[in-house]
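Chain and residue survey
One letter stands for each residue in the lines below.
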Amino acid sequence: MPVDVLPALAARRPVDETSWHDLWERAAHKALRPGEAVGVVASLSTRLPDADSVVALLDSLDARRGPLPAPWPGTVNPVGTGGGPATFDVATAAALLAAAMGIRVVKTGSCGCTGRSGSLDTLERLGIATAASYAECEDMLAAHGIAFAGGFVHPVELTSLERAILPYGMEQVGGAVHRLGPFLAAIPVTAQVTGVTEPGLHAVAARIADSRPHRALWLTRNDLGADKLLSFAANTVRPGPNRSETTIAPGFAGGGHPHPGTLADLRPAGPGEPAGTHLLALLRGEGPAAARETVCLNAAVAALAALAAGADQSLAEAFHAAEDALRDGAAVRLVERLRARRGTESARQVAGVRA
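Fair warning: this is a prediction, and the values are worked out from it, not measured in the lab.

Looking only at helices and strands, the protein has 16 helices and seven strands in total. Taking 2.2 N^0.38 as the reference for a compact globule, 355 residues should give roughly 20 Å; the C-alpha atoms of the protein span a radius of gyration of 20 Å, in line with that estimate. The C-alpha extent of the protein, read off along each of the three principal axes, is 60 × 60 × 45 Å. A burial count over the protein gives 49% of its 355 residues as buried. By sequence separation, contacts in the protein at least 24 residues apart represent 71% of the contacts at least 6 residues apart. In the form shown here, the protein has an accessible surface area of approximately 15,500 Å², with 55% of it arising from carbon and sulfur atoms. Averaged over its 32 positive side-chain charges, the protein has a centre that lies 3 Å from the centre of its 35 negative ones.

Here's what the structure looks like:
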């Protein structure tokens, strides 16, 4: 017998999979009580429930999806939970650099929340298309070694919930949806590296990772509260389900001698400065050393996660490979090819309409 989700969340009681399923069914049929959707979303965003309730939420959504394609071998999804200090889009830069290193990358993401730019915003500014289906992801992956998955990977139930909270939006009361976004996306990668900002969310994420051993879910965090690894901070990495954390000390990139670096070195594009231009400059090796090293460090850990089952490579070796790809301009050339692909597809669509 399902419990009523909203009172259970308010009273900090557990919510099982059947109860979440009942909520999604009523949302789909527009049968929620007045204010119920806003209450559920706001309650989740105010404070996440216990880890088992979050796992039950994810399981309920997984059970409602159709079958996924078979896992794409040797693929990794580098993604963050958002929040923390504002920086440029490190995860997207690292994804492009990892692909330029020869790592197979399939990246999920979202639009920005609370005024920030998300990965989908970054891709639009770079002129890179997102895939609208698993087949398109596979085509992009085969052609370029990287694919950016669009909104189709996210549960349709969240769309029903979003419509039910109007005139409010997820950017106003749906912070939990963005924080859980990396775990909500259905993408058949073999590994995922997720940066987590909040200590409480990290404990929940560890429980999620242990409940999904078929995907190597790596978790990262650092002492500055960023959702990415930082070259100048103390970082911890949990390399997969039921694994102990390891530490990456500040200064790793400098051979044990920390390079001066602060969060200001990772600033997003300033007023009047195109975000795409800013990111491309970093991928060309311009900008502060701390920014370049941070991108290389994130690309290196993504490479290790993707290769964990098939190659023996140290973090230092992966980091140096990322540095080489950055110096060589491989990531910028990849961006140019992805832009050209979008232009070609747009031309074909226009020709099809005219025909």
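Next, the rest of the story.
A separate point is the nonpolar core. Core analysis: the largest hydrophobic core is formed by 71 residues, its most contacted members being V76, F88, L96, L97 and I146. Of all the elements, helix α14 (residues 289–307) adds the most residues to this core, at 13 residues. Ignoring anything within four residues of it in the chain, the contact list for L97 reads V295, C296, A299, A322, A325, L326 and A331. Counting residues in hydrophobic clusters, the runner-up holds 39 residues, among them L9, L32, A37 and A205.

Moving on, we get to the packing of aromatic side chains. Enumeration according to the criterion identifies three aromatic pairs in this entry. Where Y134 meets F152, the ring centres are 4.9 Å apart and the plane angle is 85 degrees; that geometry is what we call edge-to-face. Of this pair, Y134 sits in helix α7 (residues 134–144) while F152 sits in the loop between β3 (146–148) and α8 (156–164), placing them 18 residues apart in sequence. The rings of W72, Y134 and F152 are connected pair by pair, giving a single aromatic cluster.

This part takes up the side chain of S231. Following the sequence through the fold, S231 ends up in the loop between β5 (216–222) and β6 (235–239). A relative accessible area of 8% means that S231 is categorised as buried. There is a polar contact of 3.4 Å between the side chain of S231 and the backbone oxygen of A290. Excluding its chain neighbours within four sequence positions, the residues that come into contact with S231 are P250, G251, A290, E293, T294 and L297.

Across all of its chains, the model carries 17 salt bridges by this definition. Note that R26 is salt-bridged to D22, the shortest N-O span being 3.1 Å. Of this pair, R26 and D22 both sit in helix α2 (residues 17–28), four residues apart, roughly one helical turn. Of the residues examined, R26 reaches a relative accessible area of 18% and is grouped as buried. The shortest N-O distance in the salt bridge between D227 and K228 comes to 2.7 Å. The pair formed by D227 and K228 is uniform in burial state, with each residue classed as buried.

The next thing to look at is helix α4 (residues 51–64). In a regular helix each residue adds 1.5 Å, so 14 residues correspond to 20 Å; α4 covers 20 Å between its end C-alpha atoms and thus fits that length. Looking only at α4, the buried set comprises A51, S53, V54, V55, A56, L57, L58, S60 and L61. As for α4, its buried residues are in contact with α2, α8, α11 (181–184) and α12 (199–211). A distance of 3.2 Å separates the backbone nitrogen of D52 from a side-chain oxygen at the start of α4, and that oxygen is part of D50.

Turning our eyes to something else, we now look at α14. Look at α14: 27 Å from first C-alpha to last across 19 residues, which is about the 27 Å you get at 1.5 Å a residue. Burial runs high along α14: 16 of the 19 residues are buried.

Note that the residue after L166, namely P167, is joined by a cis bond; omega there is 10 degrees. Structurally, P167 can be placed in the loop between α8 and α9 (170–173). For K30, which is not glycine, the phi torsion reads 55 degrees and is therefore positive. In this structure K30 comes out as exposed when scored by relative accessible area, which is 79%. A positive phi is found at N242, a non-glycine position, where the angle reads about 55 degrees. Relative to the assigned elements, N242 resides in the loop between β6 and β7 (246–248). Given the relative accessible area of 58%, N242 is considered exposed.

Reading the values: the criteria
Residues numbered from 1 in each chain as written. Predicted model: local features only at pLDDT ≥ 70, side-chain atom pairs only at ≥ 80, totals over all residues. Heavy atoms only, no water. Helix = DSSP H or I, 4+ residues; strand = E, 2+ residues; numbered from the N terminus. Rg over C-alpha atoms; globule rule 2.2 N^0.38 Å. Buried < 20%, exposed > 50% of the residue type's maximum accessible area, 1.4 Å probe, protein only. Contact = heavy atoms within 4.5 Å. Areas by Shrake-Rupley, 256 points an atom, 1.4 Å probe, with all protein chains shown as cover. Lys, Arg positive; Asp, Glu negative; His and termini not counted. Charge placed at Lys NZ, Arg CZ, Asp CG, Glu CD. Core = buried A, V, L, I, M, F, W, Y, C linked by side-chain atoms within 4.5 Å. Phe/Tyr/Trp six-rings, centres within 6.5 Å; stacked < 30°, edge-to-face > 60°. Polar contact = N/O pair within 3.5 Å; in protein donor to acceptor, adjacent residues only side chain to side chain. Salt bridge = Lys/Arg side-chain N within 4 Å of Asp/Glu carboxyl O. Expected span 1.5 Å × (residues − 1).

All we've got here are geometric facts, nothing functional implied.
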